[in-house]
Amino acid sequence: MNKKGFLALILAVLFLAGIAEARKTELTPADQRDWQVIAPQDSDSPLRDYAMLYEAGGHDGNIGVIGIPSMKVYRYIKMGVDMHNFPFSGSNAGNNNGTPDGKFLWVSDKGADAVIELNLQTGFAERILANPKPFGIHHSAAMSPNGKYIFLTGELSGKMAKMRVADGATTVIDVPPAPSAPDYPDASKDGKYVFAGNYYHSAVMVFSQDPFKFIKEIPVGKNPHGTNFVPTNRWAVVCDKLSATQSVIDVRQLKVHRVIPVGAGPLHNQPDSYGKYNYISSFVSDSTCKVDLGRMQMVDEFPIHYRVGHNSISPDDHYYVSQNKFSTGLFNPTGIVFAINFEEQDIDELSPTYGKSVKIVPINGEPHEGRQIFSTTIQRWNTGTGGDLFAKGYELGDVKVSFDDKNTPGRSLTKRPSLEPLHLAGAKRYFIPRDDGKPGVTQEGDVTVVRIKAFSYGYIPRFIHVKKGAKVRIILTNIDKAAGLTKNPDVTMGFLPAGYYGQKTRIDGVRGMSGVGEFIADKAGEFEFYCQQFCGPLHLEMRGTFFVDPPGGTASLSVGDYDEMSKLEYQLGDPEEREFITGGNRLLNTLKEGNEPAI
Amino acid sequence: MKKYLSIIVISLFVLSSGIAFSYDGSLPDDTSYIGTITKIDRGARVIELTTKFEKTPKTWKLNMQDECQIQVKTTKDPSERGAFKKFAELKEGTLAEVHGWPKDGKWLARKISILNPDDYMIKRLESDMKAGVYFGHEP
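What you see is a predicted model, and the numbers here were worked out from it, not measured in a lab. (Residues numbered from 1 in each chain as written. Chains lettered and ligands numbered in written order. Predicted model: local features only at pLDDT ≥ 70, side-chain atom pairs only at ≥ 80, totals over all residues. Heavy atoms only, no water.)

**Details of the packing of aromatic side chains**
All names here are of chain A. Taken as a whole, this structure holds 29 aromatic pairs over all chains when the rule is applied. Taken together, a centroid distance of 5.6 Å and an interplanar angle of 25° make the contact between Phe-326 and Phe-338 stacked. Highlighted residues: Phe-326 in the loop between β25 (319-324) and β26 (340-346) and Phe-338 in the loop between β25 and β26, separated in sequence by twelve residues. Neither Phe-326 nor Phe-338 differs from the other in exposure class; each is buried. (Phe/Tyr/Trp six-rings, centres within 6.5 Å; stacked < 30°, edge-to-face > 60°. Helix = DSSP H or I, 4+ residues; strand = E, 2+ residues; numbered from the N terminus. Buried < 20%, exposed > 50% of the residue type's maximum accessible area, 1.4 Å probe, protein only.)

What follows is the structure, encoded as structure tokens:
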């Protein structure tokens, strides 16, 4: 055999050996990560769920309860007008889920400018903590480590508040320099600081928890939103919405430690309970971005469907839920307001479905904050043990949890309220064919007609004046051609004045028709209005001001019927239910600074 | 002389700042620790936890608050997920994550989470440690 023949023989042998290797059927780890798995999975529709996701449903006015990992909707609990953010009672020790004691959650109602308490054990709204008027709450997700105080951001007034949840006593401070828009807050795990993003300043505002005061602002990327402390309290992670970065703040030095590039449009953080990974919802890139805080870099990215806003993580760090704002083309239509969706992703790195979406379900409203809790925390009261709830309480291991809070206004050992705060009161709403009238205020007979054009991201006009006592007709027309930056064809616009009129009108504006709301402007004051339907990354900045001017004057944040509104505070079906309302202007600045430790 | 003294003072300040802000593992004012429970004083309700996944393990004395929950966070037994445990059931040698905060010279534990050593996060922290990425160190 010559040299060429010998070489050809070797090549032929190698070729055959290669084919034999390729035909081997043994599964490699990469094969096992595929969708085709035989072993039963956690998410295979279990009858019992090991965790529960509570979500603030936005403009549906509910708290939704969803099973993890099945993603089955268990309940929608009626709460108010426009539900945004909440902590579980207990402590903020840990990640965003905190250390719940299972008694309450306190959710901010941006529409009604209040905080509503949900009793997790009865499953009903139990008390209303009214904000001092005017305030303009947005998020109130920050709770002190000892669980006695919540920190409220007055996004619409440039103020911050510290409220004692036992009785609603509140201290309000200004956020300098004006204009300020403190939005998403978090409280440090050691009781020292409260951080809040301020999109007008592209900075994180730093406050001390005790005494409650402004300390400084830390410049971060453009238009910061989600701001959260990690469980070790070493870092605070900030989503720089318009910079497509994550600013990592060194909490000891109060300065930016690192800026990490992430997917475009980062909105919210979910650090795991170790503080190792931070999962970020990225609205524009349609993805979940996984940042390794040990390496200070993004290490993975999972696609979502579509346009995520908030997010949540299971208490064992095994599942992540992307709370998506749009379901374009995914589900059946449900009318003008479409169903958004929740998409569950497997984040267990050893799971065969790691990084995959394992469930996607349509959801009501436009959910904001989502927090998860082990199901073991919610007791089974409906098998004859309900009476124990009043005096005996329940046990979480050695820890005895009691509802014996008889010193709290509106509470007693023998009464657990079951409130149904009105979603809309005295409101007349309807739809008409698209109204192309000139935007502005006109008088038509005895009706003051206000034509508003809504678009991504703003209103024409932005400032509206009507006289006190006027019969007002708001006509809202969505003039978006292709829904702004995101180009979703099904964007709905909204109009909701926060506070007193928040319960009287809440208009949805779909393209092609106009939404109308009618009410009597019987209370003077300055009311910020906003878009309650998520319409894109700058949806939060879509704001305007509705002035109801008193006779002979102009309304402002200091001229208005605020004391009178504070006496009403919140509209309830039964006037006697007002005994379950606390806080408001009556308890404004009654919280003694420096005397109220946060830990 | 004053010049030398000021140089020494400035050097010491820079050095101490460096020490104060260099993160080489867990610190006394961290608000969570991961490690093994090495000692339990049941009468005083104090546990000692020796950290894992750090370059040099540290031992912290943790005082349990009255409200301190003990809960199974990750486990091989699905029916045990989220189960609350009594203090008497807590054993030395348990891998745990503890959340709480320092106050008045003591570290007060609010939650003790029992961990599964085979859970993906533990495996991740172990493999990172082997690769030289230690938990809680300056990245």
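**A closer look at the sheet that holds strand β22 (residues 287-292) of chain A**
All names here are of chain A. Pairing within the open sheet is antiparallel, and its four strands lie in the order β20-β21-β22-β23. Edge positions in the sheet fall to β20 (266-271) and β23 (297-303), since each has one partner strand and no second. Each neighbouring strand pair of the sheet contributes to a mean axis angle of 25°, computed without reference to strand direction. Pairing analysis gives five bridges linking β20 to strand β21 (residues 277-282), with the strands arranged antiparallel. Residue Asn-269 lies in a different strand from β21, and its bridge partner there is Ile-280. (Pairing = 2+ DSSP bridges. Axes fitted to C-alpha atoms, helices over the stretch in contact; angles between N-to-C directions.)

**Description of the interface of chain A and chain B**
In many reports, interface size means the accessible area that the parts give up when they come together. Facing the 52 residues of chain A at the interface are 50 residues of chain B. Between chain A and chain B lies a buried interface of about 4,200 Å² when both sides are counted; carbon and sulfur atoms form 54% of it. Considering only the side of chain A, the residues that lose the most area to chain B are Arg234(A), Arg252(A) and Tyr274(A), jointly responsible for 19% of the buried surface there. Linking chain A to chain B there are seven salt bridges. Note that Asp128(B) is salt-bridged to Arg295(A), the shortest N-O span being 3.0 Å. The tally of links from chain A across to chain B stands at 26 residue pairs in polar contact (both at pLDDT 80 or more). When residues of the side of chain A that touches chain B are traced back to their parent elements, those giving at least two are β4 (88-91), β5 (99-109), β19 (255-261), β21 and β29 (394-396) of chain A. Of the residues in the side of chain A that touches chain B, the class split is 18 nonpolar, 16 polar and 18 charged. (Contact = heavy atoms within 4.5 Å. Buried area = accessible area lost by both parts, 1.4 Å probe. Salt bridge = Lys/Arg side-chain N within 4 Å of Asp/Glu carboxyl O. Polar contact = N/O pair within 3.5 Å; in protein donor to acceptor, adjacent residues only side chain to side chain. Nonpolar A, V, L, I, M, F, W, Y, C, P; charged D, E, K, R; others polar.)

**Thoughts on the pairing of strand β11 (residues 170-174) of chain A**
The side chains of a regular strand alternate between the sheet's two faces. Residue and element names in this part refer to chain A. Judged by how many residues are buried, β11 sits mostly within the fold: four of five residues are covered. Here five bridges tie strand β10 (residues 159-164) to β11, and the two strands are oriented antiparallel to one another. Note that in β11 the partner of Met-163 across the bridge is Thr-170. Linking two consecutive strands that pair antiparallel, namely β10 and β11, is a turn of five residues; a positive phi of about 85° is found at Gly-168 within it.

**Observations regarding the domain arrangement of chain A**
Residue and element names in this part refer to chain A. Looking at the assigned domains, one finds that chain A contains domain 1 (51-378 + 389-401) and domain 2 (428-560). The interface of domain 1 with domain 2 comprises 30 residues on the first partner and 31 residues on the second. Across the interface of domain 1 and domain 2, roughly 2,800 Å² is buried in total on both sides, 65% from carbon and sulfur atoms. Among the residues of domain 1 in contact with domain 2, His-59, Leu-156 and Ile-336 are the three that bury the most area, contributing 23% of the side total. Applying the counting criterion to the domain 1 and domain 2 interface returns one salt bridge. (Domains from an automatic or database assignment.)

**Digging into helix α2 (residues 120-130) of chain B**
All buried positions along α2(B) are accounted for by Tyr120(B), Met121(B), Ile122(B), Leu125(B) and Asp128(B). For α2(B), the secondary structure elements touched by its buried residues are β21 and β22 of chain A together with β1 (32-41) and β4 (95-103) of chain B. Positive backbone phi, at 90°, marks Gly132(B), one or two positions downstream of α2(B).

**Focus: the nonpolar core**
Residue and element names in this part refer to chain A. Core analysis: the largest hydrophobic core is formed by 46 residues, its most contacted members being Phe-342, Ile-474 and Phe-546. Each of domain 1 (51-378 + 389-401) and domain 2 (428-560) accounts for three or more of the residues forming this core. Grouped together as the second largest cluster of nonpolar side chains are 31 residues, Leu-120, Ile-128, Leu-496 and Tyr-570 included. (Core = buried A, V, L, I, M, F, W, Y, C linked by side-chain atoms within 4.5 Å.)

**Details of the sheet that holds β11(A)**
In spatial order, the strands read β8-β9-β10-β11 (chain A); together these four strands make up an open sheet with antiparallel pairing. The sheet is open, and its two borders are formed by β8 (142-143) and β11 of chain A, each paired with just one other strand.

**Here's the deal with unusual backbone geometry**
Residues and elements named next belong to chain A. The peptide bond linking His-305 to Tyr-306 adopts the cis configuration, its omega dihedral lying at -5°. Mapping Tyr-306 onto the fold places it in the loop between β23 and β24 (308-313). Of note, the amide linkage connecting Ser-456 to Tyr-457 takes the cis form, showing an omega dihedral of 10°. With respect to the secondary-structure elements, Tyr-457 resides in the loop between β33 (447-455) and β34 (458-460). The phi dihedral of Asp-113 falls on the positive side, at around 55°, and the residue is not glycine. Residue position: Asp-113 is located in the loop between β5 and β6 (114-119). Despite not being glycine, Leu-254 shows a phi value in the positive range, around 55°.

**Things to note about the pattern of salt bridges**
Residue and element names in this part refer to chain B. This structure, assessed with the given rule, holds 41 salt bridges over all chains. With a closest N to O distance of 3.3 Å, Lys-73 and Glu-97 form a salt bridge. Taken as a pair, Lys-73 in the loop between β3 (59-72) and β4 and Glu-97 in strand β4 lie far apart in primary sequence, 24 residues in all. By the burial criterion, Lys-73 is buried, and Glu-97 matches it.

**Digging into a nonpolar patch on the surface**
All names here are of chain A. Taken together, the side chains of Phe-6, Ile-10, Leu-11 and Leu-14 define a hydrophobic patch exposed on the protein surface, amounting to about 420 Å² of accessible area. On the secondary structure map, Ile-10 appears in helix α1 (residues 3-22). Looking at Ile-10, the relative accessible area reads 37%, which means it is partly exposed. (Patch = residues over 30% accessible without salt bridge, like charges linked within 9 Å, V, L, I, M, F, W, Y side chains within 5 Å. Areas by Shrake-Rupley, 256 points an atom, 1.4 Å probe, with all protein chains shown as cover.)

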